[in-house]
Amino acid sequence: MPISRGRENRQYSLVSCVTRLRAPGAGGNLSDIEEANGIIVVADDDKVLQTLYAEMLRAEGYQVLLAADGVEAIDLLTNESVDLGLIDVMMPRHNGFDVCRIIKSRQKTLFTPIVLVTVLSSSQDRINGIRAGADDFISKPIHSAELVARVKSLVKLRRLQNELAHCETGLFSLALSSEAKDPYTEGHCERVSRYAVALGEQLKLSSDDLSTLKRGSMVHDIGKITIPDHVLWKPSGLDEDERRQMEAHPIIGERFCAPLRSFKKSLPIIRWHHERLNGEGYPDGIRGEEIPLLVRIVQIVEVYDSLTTTRVYRSALTPNTAIATLRDEVLKGWWDGALTEIFADLIPGESSPICAQPKKAWEITPNVARKVS
Ligand SMILES: [Fe+2]
């Protein structure tokens, strides 16, 4: 399928990113990730121990930043690009527990691993450390092999988390940049995501399901990145080949996101958002209960947003007319009627998240000929 060079490069860089994350089998061979060298903050008011720990870590290729008390440790952990903090429990100006608690309470440093150095026999230190959010403990006297093994493991995990976060951000950016090319669909994914979460909250879905809805909605049309602009923007009358290209976007989107484990639960949303309850949808023609609840939610809000925004092939409908159209389509056997009614109840009210519609006066266009959205 022809795609522009710019798109191609964006795709390949992302594929490269997720390929490095993709692991054989169960999905995780840390040794495949880049080497575990990193930047470590060593915090201890005992200069001899501080130097000893630093030498152990430098011998393994880590860069070490030294802190003599809690305040210095917090400053380095907050303002430097640090992969891990090795923090002694007993220190002046904030002990190790305080440092850990503060670092774990800040969004910027929440995921920075903290290893607390404790006295061997102190189980209370460990309990306090767990409460403060410590990732691991190491007891004095420290043995080089143990220190290096724990640091290496946590730094690799940290790198893996960073890669994953970058890939997710990349996917969202790609989805947004794709729709931003078309002034008629700009903002569509974010609105669909917002509406889907609002409907999910109304249904009292779990936070895990809400996250799945949010992710899946944001990237549900990411497969359109491969559709040529002249097909994407064609007002009407797609020929057979063009329709085939258009209808391939759910499968392409699913393949695109499949390597990312955090998107695993969202894949049905991406693949099946154009299915219909009566089996007339695509790409698989599944029907009824075969279409999962989260997919049925996205279907309704996705159609609603498409109907209430102007498209190249028609004017926007008012919210009420859009709901009436959805109800007509429920009668045709396309969408879930119960979900449609719950969604319809969300629309009135100034505080409703659904109410953030474009503010133009919408002209009602009867008998809308819907194009693939
Ligand atoms: Fe779509």
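Because the structure is a prediction, the values reported are computed rather than measured. (Residues numbered from 1 in each chain as written. Predicted model: local features only at pLDDT ≥ 70, side-chain atom pairs only at ≥ 80, totals over all residues.)

**Looking at the confidence of the model for the chain**
Part 1 of the argument: On average, the chain scores 78 in pLDDT, and the residues at 70 or more come to 79%.
Part 2 of the argument: Below pLDDT 50 for its whole length, residues 355-373 participates in 26 contacts with residues either more than four positions away or in separate chains. (pLDDT = per-residue confidence, 0-100. Contact = placed C-beta atoms within 7 Å.)

**A word on the environment of Ala-67**
Part 1 of the argument: Mapped onto the elements, Ala-67 comes out in strand 2 (residues 63-67).
Part 2 of the argument: As a C-alpha pair, Ala-67 and Asp-45 span 22 residues in sequence and 7.6 Å in three-dimensional space. (Helix = DSSP H or I, 4+ residues; strand = E, 2+ residues; numbered from the N terminus.)

**Points about the nonpolar core**
Part 1 of the argument: Ranked by size, the top nonpolar core spans 42 residues in total, and within it Ala-196, Cys-257, Ile-297, Val-298, Ile-300, Val-301 and Tyr-304 carry the most contacts.
Part 2 of the argument: Take this core: its biggest share by element is nine residues, from helix 13 (residues 293-307).
Part 3 of the argument: When near neighbours in sequence (up to four residues on either side) are disregarded, Ile-297 contacts Ala-196, Leu-199, Gly-200, Leu-213 and Leu-339. (Core = buried A, V, L, I, M, F, W, Y, C linked by C-beta atoms within 7 Å. Buried ≥ 20, exposed ≤ 12 C-beta atoms within 10 Å, placed from the backbone.)

**Thoughts on the sheet that holds strand 5 (residues 136-140)**
Part 1 of the argument: The sheet built from five strands is open, its strands ordered 2-1-3-4-5 with parallel pairing. Two strands in the sheet have a free side with no partner beyond their single neighbour: strand 2 and strand 5. The sheet shows a mean angle of 20° between the axes of neighbouring strands, taken without regard to direction.
Part 2 of the argument: One ladder, built from four bridges, connects strand 1 (residues 39-43) with strand 3 (residues 84-88); its direction is parallel. Considered in strand 3, the bridge of Val-41 is made with Gly-85.
Part 3 of the argument: Across the sheet, helix 5 (residues 123-132) is in contact with strand 4 (114-119) and strand 5; its angle to strand 4 comes to roughly 160°. (Pairing = 2+ DSSP bridges. Axes fitted to C-alpha atoms, helices over the stretch in contact; angles between N-to-C directions.)

**Quick notes on the packing of helix 8 (residues 207-219) against helix 13**
Part 1 of the argument: The N-to-C vectors of helix 8 and helix 13 enclose an angle of 45°; their axes lie 10 Å apart at closest approach. Classed by the angle they form, the pair helix 8 and helix 13 counts as oblique. Note that helix 8 runs across helix 13; the crossing there is right-handed. Contacts from Asp-209, Thr-212, Leu-213, Gly-216 and Ser-217 in helix 8 reach Leu-294, Ile-297 and Val-298 in helix 13.
Part 2 of the argument: Considered class by class, the residues forming the contact of helix 8 with helix 13 number four nonpolar, three polar and one charged. (Parallel < 35°, antiparallel > 145°, perpendicular 65-115°, else oblique. Left-handed = near helix turned anticlockwise from the far one by under 90°. Nonpolar A, V, L, I, M, F, W, Y, C, P; charged D, E, K, R; others polar.)

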